[in-house]
Amino acid sequence: KVLTMRIVMVGAGYVGLVSGTCLADFGHEVVCVDKEEEKIAKLRLGAVPIYEPGLGELLLANQASGRLSFSTSLKDAVEGADAVFIAVGTPSLAEVGSADMRYVYDAARAIAEVIEGFTVVVIKSTVPVGSGDEVEKILAARLPKDRFAVVSNPEFLREGAAIEDFKHPDRVIVGVEDDRGRSVMHAIYRPIERNAGPILYTTRRSAEMIKYAANVFLAMKVTFINEIADLCEQVDADVLDVSRGIGLDDRIGAKFLNPGPGFGGSCFPKDTLALTKLAIEAKAPIRLVETLVDVNEKRKIAMARKIERACGGSVAGKRIAVLGLTYKPKTDDMRDAPSLVIVPELQAAGAHIVAYDPEGVKAARALLSGVEFADNAYACLAGADAAVVITEWDEFRALDLQKVKAALGKPVVIDLRNIYPIKTMRALGFRYVCVGRGLAGEGG
Ligand code: UDX
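Keep in mind that what you see is a predicted model, and the values were worked out from it rather than measured. (Residues numbered from 1 in each chain as written. Predicted model: local features only at pLDDT ≥ 70, side-chain atom pairs only at ≥ 80, totals over all residues.)

Participant: Any details on the packing of helix α9 (residues 204–235) against helix α10 (residues 239–247)? Residues and values, ideally.
Facilitator: Contact geometry of α9 with α10 gives a least axis separation of 9 Å together with a crossing angle of 135 degrees. When the axes of α9 and α10 are compared, the pair comes out oblique. Note that α9 runs across α10; the crossing there is right-handed. Across from Ile-225, Ile-228, Ala-229 and Cys-232 in α9, the residues of α10 making contact are Val-239, Val-242 and Ser-243. Here the residues of the contact of α9 with α10 are counted per class, giving six nonpolar, one polar and no charged. (Axes fitted to C-alpha atoms, helices over the stretch in contact; angles between N-to-C directions. Helix = DSSP H or I, 4+ residues; strand = E, 2+ residues; numbered from the N terminus. Parallel < 35°, antiparallel > 145°, perpendicular 65-115°, else oblique. Left-handed = near helix turned anticlockwise from the far one by under 90°. Contact = placed C-beta atoms within 7 Å. Nonpolar A, V, L, I, M, F, W, Y, C, P; charged D, E, K, R; others polar.)

Participant: Which residues make up the site of the ligand, and what values go with them?
Facilitator: Close contacts around the ligand come from 20 residues, with Glu-159, Asn-258, Phe-263, Gly-265 and Cys-267 the closest. The element best represented in the shell around the ligand is α9, accounting for three residues. Classifying every residue of the shell around the ligand by side-chain character gives 10 nonpolar, six polar and four charged. Looking at the shell around the ligand, you find at least three residues from each of domain 1 (6–202) and domain 2 (218–442). (Near = placed C-beta within 6 Å. Domains from an automatic or database assignment.)

Participant: Give a detailed account of the UniProt feature "binding site: substrate" (unreviewed entry) in the chain, specifying residues and quantitative values.
Facilitator: With numbering aligned to this structure, UniProt lists the feature "binding site: substrate" (unreviewed entry) at Phe-156, Leu-157, Arg-158, Glu-159, Lys-211, Phe-256, Leu-257, Asn-258, Pro-259, Gly-260, Gly-264 and Lys-328. In summary, the annotated positions, distributed over 173 residues, remain apart in three dimensions as well, the widest C-alpha pair reaching 23.7 Å. Within the element layout of this structure, Leu-157 appears in the loop between β6 (148–152) and α7 (162–167). By C-beta crowding, Leu-157 is classed as buried, having 20 other C-beta atoms within 10 Å. Once residues lying within four places of it in the same chain are set aside, the contact partners of Leu-157 are Val-18, Ala-162, Asp-165 and Phe-166. Here Asn-258 falls in the partly exposed class, since 19 other C-beta atoms lie within 10 Å of it. When sequence neighbours within four positions are dropped, the list of residues in contact with Asn-258 reads Ile-225 and Ser-243. (UniProt positions renumbered as here; feature names shortened; annotations may be inferred. Buried ≥ 20, exposed ≤ 12 C-beta atoms within 10 Å, placed from the backbone.)

Participant: Summarise the UniProt feature "binding site: NAD(+)" (unreviewed entry) in the chain; cite the residues concerned and give the values.
Facilitator: In the numbering used here, UniProt assigns the feature "binding site: NAD(+)" (unreviewed entry) to Asp-34, Lys-39, Thr-90, Thr-126, Glu-159, Lys-270 and Arg-335. On the basis of their most widely separated C-alpha atoms, the annotated residues across 302 residues do not gather in one place, lying as much as 24.9 Å apart. Here Glu-159 shows up in the loop between β6 and α7. With respect to the helices and strands, the residue Lys-270 is situated in helix α11 (residues 268–281). When neighbours within four sequence positions are excluded, Lys-270 is seen to be in contact with Pro-91 and Ser-92.

Participant: Before we move on, can you summarise α11 with the specific residues and values?
Facilitator: In a regular helix each residue adds 1.5 Å, so 14 residues correspond to 20 Å; α11 covers 20 Å between its end C-alpha atoms and thus fits that length. The buried fraction of α11 amounts to 10 of the 14 residues, a majority that puts the element mostly inside the structure. At its buried positions, α11 is contacted by α9 and α12 (287–310). Within two residues after α11, Lys-283 carries a phi angle of roughly 60 degrees, on the positive side. (Expected span 1.5 Å × (residues − 1).)

Participant: Tell me about the domain arrangement of the chain, and name the residues and values.
Facilitator: Parsing the chain into structural domains produces domain 1 (6–202) and domain 2 (218–442). Each of domain 1 and domain 2 has a C-alpha centre, and the two are 34 Å apart. Domain 1 puts 14 residues into the contact, and the matching count from domain 2 is 13 residues. Of the residues that constitute the side of domain 1 that touches domain 2, the class distribution is eight nonpolar, five polar and one charged.

Participant: I'd love a proper account of unusual backbone geometry, names of residues and values included.
Facilitator: Residue Phe-256 is not a glycine yet carries a positive backbone phi of 60 degrees. Its location among the elements puts Phe-256 in the loop between α10 and α11. Using a count of 16 C-beta atoms within 10 Å as the deciding quantity, one classes Phe-256 as partly exposed.

Participant: Please provide a residue-by-residue account of the pairing of β6, values included.
Facilitator: Most of β6 is tucked away: five of the five residues are buried. Burial along β6 is two-sided: Phe-148, Val-150 and Ser-152 facing one way and Ala-149 and Val-151 facing the other are all buried. Note that strand β5 (residues 119–123) and β6 share five bridges and pair parallel. Each bridged residue has a counterpart across the sheet, and for Val-120 the counterpart in β6 is Ala-149. You can see the chain leave β5, run along helix α6 (residues 131–140) and come back into β6, and the turn it takes is right-handed. (Pairing = 2+ DSSP bridges. Right-handed = clockwise from strand over helix to strand, strands pointing away.)

Participant: Residue-level account of α10, with values.
Facilitator: Taken together, the buried positions of α10 are occupied by Val-239, Leu-240 and Ser-243. One side of α10 holds all its buried residues, which, seen down the axis, span an arc of 105 degrees. α10 presents Asp-241, Arg-244 and Gly-245 as exposed residues on the side facing more than 90 degrees away from its buried surface. In this fold, the buried residues of α10 make contact with α9. (Arc of directions from axis to C-beta.)

Participant: So what's going on with the nonpolar core? Which residues, and what values?
Facilitator: With 77 residues, the main nonpolar core has Val-8, Val-10, Val-84, Ile-86 and Val-121 as its most contacted residues. Per-domain counts for this core show at least three residues from each of domain 1 (6–202) and domain 2 (218–442). Excluding residues that lie within four positions of it along the chain, Ile-86 makes contacts with Val-10, Gly-11, Val-104, Ala-107, Ala-108, Val-121, Val-122, Ile-123, Lys-124 and Ser-125. Counting residues in hydrophobic clusters, the runner-up holds 59 residues, among them Leu-240, Val-354, Val-388 and Val-435. (Core = buried A, V, L, I, M, F, W, Y, C linked by C-beta atoms within 7 Å.)

Participant: So what's going on with the sheet that holds strand β14 (residues 431–433)? Residues and values would help.
Facilitator: One open sheet accounts for six strands, arranged β11-β10-β9-β12-β13-β14; its pairing is parallel. Among the strands making up the open sheet, the edge pair consists of β11 (372–373) and β14. Looking at chain direction, strand β9 (residues 319–323) and strand β10 (residues 352–356) are connected through five bridges and run parallel. Note on β10: the bridge partner recorded for Ala-321 is Val-354. This element, α12, spans β12 (386–389), β13 (412–415) and β14 of the sheet and lies at about 160 degrees to β13.

Now the structure itself:
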């Protein structure tokens, strides 16, 4: 039986909305609080501001059951709450690169003003090690120590698979320093223990470190296979075989070994950078991570040069069709997307870009200038001198390749995600350039 907990989620952004909705679905009573009145007004009507498969339905169902509600008033929401989650953003500080903790500390101060009985304050935002101690200080400045506990509970969900990841996680990490905090967290996550992975209890600082170490390790895997892919192109080996071959070793694991145009998104770029800053401040610099940040940045620019080579050395005056703009499929998120570097690089080299993305066009319009947006993939390809796949949407895998060839002005495809079979592309008469697949990686 689920012991119903009263939970407040501060921040109705990506992590807050998904976590709040899923916790309500576990059977808890959840109020999501955000300062943005318009956002809350829309959420009350059941309108989800982000694209995430399954979120809309789950939100409506839990709203209808009365377990999930939305408010702009932290004070009202917090009344009688067992736990208040902080799920606000921690963006990179401009120029510095470390995590901007302003929103987390603002939230902590606001919470300190309004909590009444014993309340567990849970930090879900990704924060530098030691931030839990700071939040504790903020609360202790206003409240007696026995009225609150501060817990670190990092989130590992992936965009596009967020609901599934939240409900069936590999593990839940709870960094907690006292028994009362631990028993509230146990009650909150009991349904997960039944469904899936274990709950790992650690110290607060270890939990904060686990989040960065996990994200950075995954970013490192992607960066590693990207560099191996480049090497494969030079020595005529196929990176897909290499990935499979090394991934069968359990110690390495098969996931996150798909080469591409470099990692993007709301987490990897920000967290890799933040960890390097944290390490430097702690006088234990991590050179491996410093290097991968640099390698990943340069990779996006290198992709533009690869496209130029595939187009015969120059894209000047050419019409280049770009398929996929978001940093990965099944999201409308454009944050740190490789397309944001590749497209302007090609434009600077004189290309005219026509682009299509199943979900990302709205966000992309605000971020990319001088781009012509098409309504569908075939319209995007029409008359272009080359097609470039930047994001591996299933819709692009399913394209009729004969029609693709007929639509293009010149049969050149640069596939930065390796979604098409080389043999088929060659048989159809394309000049097909992909990533790390022997000499085919460079169209040889
Ligand atoms: C990531 C982590 O997976 C998640 O645990 C954490 O909570 C937040 O950051 P997300 O940003 O949603 O999640 O995307 P993810 O699927 O991990 O991909 C990150 C980036 O790596 C994308 O740009 C993706 O295209 C790239 N990637 C991933 C590859 O290029 N190759 C791969 O094999 C895997």
